[in-house]
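Remarks on the overall topology
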Amino acid sequence: MHEWVILSGKGGTGKTSLAAAFATLARAPVMLTDCDVDAADLHLLIEPEWGTRIPFFAGYKAHVEETSCVRCGTCQQACRFQAIQSRADGVLAVNAFRCEGCGSCQTVCPHAAIALTQPQRGYWQKGIIRFGHFLHAQLDPGAENSGKLVALLRREARRLAEEKGCSIMITDGPPGIGCPVIASLADATQIVLIAEPSCSGYHDAERLILLAKQFACPVSICVNKWDINPAMTDALHRLAEKAQVHWLGCIRYSSAFVTAQRKHKTILEIDTAVADDVRQIWKNMCVHTAYR
Amino acid sequence: MKICIASGKGGTGKTLLSVNLACQALGSVTLLDCDVEEPNVHLFLPPGGAVQQETVTCPHPVVDVARCTACGACVKACLFHALARVRGRLFTFPELCHGCGRCLRVCSSGALAEAPRGVGVLRTWSFEQVRVGEGRLNIGEGMAPAVIKALLARSVASTPVLVDAPPGTSCSVVAAMEACDGVLLVTEPTPFGLHDLTLAVAVARQLKKPFGVILNRADGQTGTVEAYCQAENIALLAKLPLDRRIAEASSKGQLVSRVLPEYAPFFQQVWRSMERMMACTNGSY
């Protein structure tokens, strides 16, 4: 099974637009997954027919039972995340944003006044799209465990892809190089790195390539908005050669990306020049990975 | 005054705003780069002189095999699955450890001790009147909030502080936003920009921080971001127009407010709007 994960390091370089375009170009049925779980946008372009929402539970939160608590403060001293705070009335309360869910407070409480609950952190759902199947998730704003939600989506995607006989799995990845990105790499056969020709884009692409090397995942790279800074595009080309990253090509700077978003369409349905750039990158990717 | 510059969607111009605000400040100012997975401030405000550096560590358990009875109490206590017992032997997985110390508390044979593990690096330097602090997560590490919290905890500044947050709306963003007094949310006039703005607004509201919106790449199409802000009674503090020259200058690591001086007043105006926002405590934001 081909499992391509679209990543960028830096945010806003065009991962989602490229994922939607790739999904329309692949042989149906396609398994398309949006793994940017704390700012998922891919559904806005492809407008799926949604299945039911499935709640996502992960991690723990501590809760102080007011009636059993004698306010001794033992838990406050044990908590390394400064999550237990005294309210104005002296009652101890857990700041849910700071609570790491480790349960140390529960271990030390001499009065068994602390309970741990497993809260809902978001939801995930399946969808049907015109070129196959779609998986989407939404982490609650401010919630933790985005990596676990990404891992769940990747697992479900693989299962669904096998069940439905999909020819390929295309994943729209999260920005950065941290926990959700690492989770999205599980079993990926290729990373498609979409970089921006800027000093930020270069710096971030370089870190992502180093991460991919650690996980022994092959990388292919394309440059979006290449003509904003042709010298930096050349620098990215040299970086690709040096790091043995497969060069896919360039996409020109165009307002068509914004137009496509506003019309809820993929870039292929809007501007012919940009669409040609994207099609060429797709072809190069197919040849490189022997996907037909 | 500590202001967090956040966005929800990536690539909307958080760093562009942060670095240009910092060098358009009237006096000295601190800028903390909390996008520890991909820190970019250093490309715009490079060190003029000495750089101070320190390692961010997280404690993790180490096993004294001679004392361990393999009772499994620590394995059961660890809610992050950072310890496992396999065929009567205890194994640790440092990359899963959150450094809470619960395993040590439940160990009855004194077989566990803690050792620090480097997860990232903090660097500080000066650029003109700007004191820059940067957090940098080690490649392959997942624990970004630990580095963000370490950076925010080390910086005691009497000057105004700007915090360049990571994209998204998850725990990393909370770690950056929670330490601040107010928030600027940078967005763009696209469906993605609007959708992710609504999520970032939810985080700012949950944390009870005053916030305002900066619209970047405004292209004159009267849009949905304005309508959303109006309907939600959110202050739209300023609009930076869509201008290819801004993208080109930023791509070279240049400061837009310097190389395109016509934009300097924009950043000065954002400072004034921010100060007004922070002075306004009646909850209208």
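What counts, and where the lines are drawn
By convention here, each chain's residues receive numbers from 1 onward along its written sequence. Lettering of chains starts at A and numbering of ligands starts at 1, both following the order in which they are written. The predicted origin of the model limits local features to residues at a pLDDT of at least 70 and limits the giving and counting of side-chain atom pairs to 80 or more, whereas totals for whole chains, interfaces and linings rest on all residues. Heavy atoms throughout the structure, all of them, feed into the side-chain values; hydrogens and water do not. Starting at the N terminus, helices and strands are each numbered in turn, a helix being any DSSP run of H or I of at least four residues and a strand any DSSP run of E of at least two. Throughout, exposure labels follow a simple rule: accessible area from a 1.4 Å probe, protein chains only, divided by the maximum for the residue type, with under 20% read as buried, over 50% as exposed, and the rest as partly exposed. Contacts are assigned to residue pairs with any non-hydrogen atoms lying within 4.5 Å of each other. Areas reported as accessible are Shrake-Rupley estimates using a 1.4 Å probe. Residue values count occlusion only from the protein chains shown. Residues scored as charged are limited to Lys and Arg (positive) and Asp and Glu (negative), so that His and the chain ends carry no count. Positions of charges follow a simple convention, taking NZ of Lys, CZ of Arg, CG of Asp or CD of Glu. Helices are assigned an expected span. That span is 1.5 Å times one less than the residue count. Lines are fitted to the C-alpha atoms to define the axes, a helix being fitted only along its stretch in contact, and any angle between axes, read from their N-to-C directions, falls within 0 to 180 degrees. An angle below 35 degrees is read as roughly parallel, one above 145 as roughly antiparallel, one from 65 to 115 as roughly perpendicular, and any other as oblique. Rotating anticlockwise by less than a right angle from the far helix to the near helix defines a left-handed crossing, while the corresponding clockwise rotation defines a right-handed one. In the scheme used here, Gly and all other residues not listed as nonpolar or charged are polar, with Ala, Val, Leu, Ile, Met, Phe, Trp, Tyr, Cys and Pro taken as nonpolar and Asp, Glu, Lys and Arg as charged. Segmentation of the chain into domains, including their bounds, is taken from an automatic or database domain assignment. Throughout, the accessible surface (probe 1.4 Å) given up by two parts as they are put together, summed over both, is called the buried area. Pairing between strands is defined by DSSP: at least two bridges between the two strands are required.

1. Points about the overall build of chain B
The helix and strand inventory of chain B stands at 11 helices and 11 strands. Its C-alpha atoms give chain B principal-axis dimensions of roughly 70 × 45 × 35 Å. Every one of the 285 residues in chain B was classed for burial, and the buried ones make up 56%. Residue pairs at least 24 apart in sequence account for 73% of intrachain contacts in chain B once pairs closer than 6 positions are excluded. Of the roughly 11400 Å² that chain B leaves accessible, carbon and sulfur atoms contribute 53%. For chain B, the centre of its 27 positive side-chain charges and the centre of its 23 negative side-chain charges are spaced 7 Å apart.

2. A short note on helix α5 (residues 146-164) of chain A
The end-to-end C-alpha distance of α5 of chain A, which contains 19 residues, comes to 26 Å, matching closely the 27 Å that a straight helix rising 1.5 Å per residue would cover. Of all the residues in α5 of chain A, the buried ones are S146, G147, L149, V150, L152, L153, R154, E156, A157, R158, L160 and A161 of chain A.

3. Remarks on the packing of helix α1 (residues 15-25) of chain A against helix α10 (residues 272-289) of chain A
All names here are of chain A. Direction vectors running N to C along α1 and α10 enclose 65°, while the axes themselves pass 10 Å from each other. For the element pair α1 / α10, the angle class is roughly perpendicular. Helix-helix and strand crossings are classified by hand; for α1 and α10 the assignment is right-handed. Of the residues in α10, those in contact with L18, A21, F22 and L25 of α1 are V278, R279, I281, W282 and M285. A per-class count over the contact of α1 with α10 returns 8 nonpolar, no polar and 1 charged.

4. With respect to the domain arrangement of chain A
Frequently, the measure chosen for interface size is the accessible area that the parts lose on association. In terms of domains, chain A is made up of domain 1 (2-56 + 122-289) and domain 2 (61-117). The centre of domain 1 of chain A, based on its C-alpha atoms, is set 41 Å off from the matching centre of domain 2 of chain A.

5. Regarding the domain arrangement of chain B
Residues and elements named next belong to chain B. Domain annotation for chain B reports domain 1 (2-55 + 122-279) and domain 2 (59-118). Taking only C-alpha atoms into account, the centre of domain 1 sits 39 Å from that of domain 2. Across the boundary between the two partners, domain 1 contributes 4 residues, which contact 6 residues of domain 2. Summed over both partners, the interface of domain 1 with domain 2 buries about 330 Å², with 49% contributed by carbon and sulfur atoms.

6. Focus: the sheet that holds strand β6 (residues 112-127) of chain B
All names here are of chain B. The sheet built from 9 strands is open, its strands ordered β3-β6-β7-β2-β8-β1-β9-β10-β11 with mixed pairing. Strands at the two margins of the open sheet, each flanked by one partner only, are β3 (52-63) and β11 (236-241). On average, each strand axis in the sheet is inclined to that of its neighbour by 20°, with strand direction left out of account. Looking at chain direction, strand β2 (residues 29-33) and strand β7 (residues 130-137) are connected through 5 bridges and run parallel. Looking across to β7, one finds that V29 is bridged to V130. Strands in contact with helix α7 (residues 191-206) are β9 (182-187) and β10 (211-218); relative to β9, the strand with the most contacts, it is inclined by about 170°. Contacting β1 (2-6), β2, β8 (161-164), β9, β10 and β11, helix α11 (residues 264-279) runs over the sheet at an angle of about 165° to β11.

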